[in-house]
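Spelled out from the first residue to the last, the chains are:
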Amino acid sequence: MDMPLPSSSATAFRVSPEAAARLGEIIAAQPGAGTAATALRVSVLAGGCNGFQYSFALDGAERADDIVVPAGASRVLVDPASMDLLAGAELHFNDSLMGAHFTVRNPNATSSCGCGTSFSID
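Each value, and the rule that gives it
Residues numbered from 1 in each chain as written. Predicted model: local features only at pLDDT ≥ 70, side-chain atom pairs only at ≥ 80, totals over all residues. Heavy atoms only, no water. Pairing = 2+ DSSP bridges. Helix = DSSP H or I, 4+ residues; strand = E, 2+ residues; numbered from the N terminus. Phe/Tyr/Trp six-rings, centres within 6.5 Å; stacked < 30°, edge-to-face > 60°. Buried < 20%, exposed > 50% of the residue type's maximum accessible area, 1.4 Å probe, protein only. Core = buried A, V, L, I, M, F, W, Y, C linked by side-chain atoms within 4.5 Å. Contact = heavy atoms within 4.5 Å. Polar contact = N/O pair within 3.5 Å; in protein donor to acceptor, adjacent residues only side chain to side chain.

The name an unreviewed UniProt entry gives the protein is Iron-sulfur cluster assembly accessory protein, with Gluconacetobacter sacchari as the organism.

Participant: Explain the sheet that holds strand β6 (residues 90-96) here, please?
Facilitator: The strands that make up a sheet are held in pairs by hydrogen bonds between backbone atoms, and each pair lies either parallel or antiparallel. Spatially, three strands are ordered β1-β6-β7 in an open sheet, and the strand pairing comes out mixed. If you trace the sheet from one side to the other, it starts and ends with β1 (14-15) and β7 (99-105), each paired once.

Participant: Please explain the packing of aromatic side chains as it appears in this structure.
Facilitator: Think of a pair of aromatic rings as described by two things: how far the centres are apart, and how the planes are tilted against each other in angle. In the structure shown here, the tally under the stated rule is two aromatic pairs. Pairing phenylalanine 56 with phenylalanine 102 gives two aromatic rings, centres 6.2 Å apart and planes at 40 degrees, and the pair type is tilted. Taken together, the residues phenylalanine 56 in strand β3 (residues 52-59) and phenylalanine 102 in strand β7 connect sequence positions 46 residues apart. Ring geometry for phenylalanine 93 and phenylalanine 102: centres 5.1 Å apart, planes at 65 degrees, overall edge-to-face. When sorted by exposure, phenylalanine 93 lands in the same class as phenylalanine 102, which is buried. Among the aromatic residues, ring-to-ring pairing joins Phe56, Phe93 and Phe102 into one connected group.

Participant: Looking at this structure, how should I read the nonpolar core?
Facilitator: One recurring pattern in soluble globular proteins is that nonpolar side chains are buried together. Formed by 23 residues in total, the largest nonpolar core has its most connected members in Phe13, Val15, Val42, Val76, Leu86 and Leu91. If you list the elements that add at least two residues to this core, you get α2 (17-28), β2 (39-46), β4 (67-71), β5 (74-78), α3 (80-86), β6 and β7. When residues of this core are assigned to their parent elements, the largest contribution, four residues, is made by α2. Residues within four places of valine 15 in sequence aside, it is in contact with Ala20, Val69, Pro70, Ala71, Val76, Glu90 and Leu91.

Participant: I'm lost on the pairing of β7 in this one. Help?
Facilitator: In the case of a regular strand, side chains alternate between the two sheet surfaces. In this sheet, β7 lies alongside β6 in antiparallel orientation, the contact comprising seven bridges. Note on β7: the bridge partner recorded for histidine 92 is threonine 103.

Participant: Mind showing me how you'd approach the side chain of aspartate 59 here?
Facilitator: Here aspartate 59 is to be found in strand β3. Engagement of the side chain of aspartate 59 in a polar contact is seen with the backbone nitrogen of alanine 61, the distance being 2.8 Å. Ignoring any residue separated from it by four or fewer positions in sequence, one finds aspartate 59 in contact with Ala37, Thr38, Ala39, Arg41 and Leu77.

Structure follows, in structure tokens:
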């Protein structure tokens, strides 16, 4: 029996216009930006002060099982295990007096740390 493709999962994780714009700026500033197929990899790892933590890294190597989420002219890559914890969430970019950073607005998180990089789910 064929397994359905995770395309519905890809639409469950969104990228805000602010995050897409900032990601485009970051990728354009990379050496060889005209030829590199760089994307932002968003992962959920065990750890942090609440049980799980978000990880953000530029990555030019798309894996066979990655879910590709469009982000303007750029892409966000998410592995299937992380997507389970990111379903319904949104990648956002905050630029405030406290600093500028990517953050995840995750409706699945029941608590998070003050910096927003660590979360837990019941």
